[in-house]
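Notes for the structure review
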Amino acid sequence: MKKEKILKIISLSSYSLIILMGQMIGIPFIFWLIWTSFEFGNNDQIFAILGLIGLILNFTKYYKRTIIKIMSFSLMLIPIIRRLTEIPFEKFKYLAFQIPLIIFIITTIILILTSIWTKKNAPQHRV
């Protein structure tokens with residue numbers, strides 16, 4: 001259980017530390033999500049809200065369920081995929097974007113797989 005908590009902290013920290021480069025400076029992805037979700041009339045608003053919903057799901061009591069972990073991961077990836085398809089891919093070739101993104105994806109997949117593996121190997125209760 002402690003390993004899962006550590007992986008979750010690493011996953012959420014790396015998600016928050018993904019840097020999006022702007023014209024002058026880079027901003028952490030979490031700030032972009034919050035800012036864009038309140039920027040009315042922006043096409044990215046719905047994607048930012050979905051990302052925030054995925055992030056919030058990590059802090060609910062339902063996160064222990066595998067399906068919620070998968071849903072949360074999917075919702076958190078949606079705004080990133082949207083940015084990758086909206087802006088030329090060459091603009092994302094910097095380590096402050098790539099490393100946190102890879103860490104987020106790997107640790108979240110490990111969390112999901114350990115959840116599945118734990119349920120599969122759990123003793124079955126028969127009535």
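Going by the structure above, here's the rest.
Residues numbered from 1 in each chain as written. Predicted model: local features only at pLDDT ≥ 70, side-chain atom pairs only at ≥ 80, totals over all residues. Heavy atoms only, no water.

Attention now moves to helix α1 (residues 2–16). Here α1 contains 15 residues, and its C-alpha end-to-end distance of 21 Å stays within 8% of the 21 Å for a straight helix at 1.5 Å per residue. Residues of α1 that are buried include every one of L7, S11, L12, S14 and Y15, and no others. The buried residues of α1 occupy an angular sector of 165° when projected down its axis, which confines them to one face. In α1, the exposed residues that point more than 90 degrees away from the buried face are K2, K5 and I9. Its buried side turned inward, α1 meets α2 (29–37), α3 (45–57), α4 (66–86) and α5 (95–121). (Helix = DSSP H or I, 4+ residues; strand = E, 2+ residues; numbered from the N terminus. Expected span 1.5 Å × (residues − 1). Buried < 20%, exposed > 50% of the residue type's maximum accessible area, 1.4 Å probe, protein only. Arc of directions from axis to C-beta. Contact = heavy atoms within 4.5 Å.)

On to α5. Between its first and last C-alpha, α5 extends 38 Å over 27 residues, near the 39 Å set by a 1.5 Å rise per residue. Turning to α5, its buried residues are F97, P100, L101, F104, T107, T108, L111, I112 and S115. Elements that come into contact with the buried residues of α5 comprise α1, β1 (19–21) and α4.

Its location among the elements puts Q45 in helix α3. At a separation of 2.9 Å, a polar atom in the side chain of Q45 contacts the main-chain carbonyl oxygen of S37. Not counting the four nearest positions on each side in its chain, Q45 is found in contact with T36, S37, E39 and F40. (Polar contact = N/O pair within 3.5 Å; in protein donor to acceptor, adjacent residues only side chain to side chain.)

What follows concerns the packing of aromatic side chains. For the structure on display, the rule yields six aromatic pairs. A ring pair is formed by Y15 and F29, whose centres lie 5.3 Å apart and whose planes are at 85°; its orientation type is edge-to-face. Residue Y15 is located in helix α1, and its partner F29 is located in helix α2; the two are separated by 14 residues in the primary sequence. The exposure class assigned to Y15 is buried, which follows from its relative accessible area of 0%. On the numbers, 4.8 Å between centres and 50° between planes, the contact of Y15 with F104 is tilted. Here the residue Y15 occupies a position in helix α1, and F104 occupies one in helix α5, the gap between them amounting to 89 residues. Considered together, Y15 and F104 belong to a single accessibility category, that of buried residues. (Phe/Tyr/Trp six-rings, centres within 6.5 Å; stacked < 30°, edge-to-face > 60°.)

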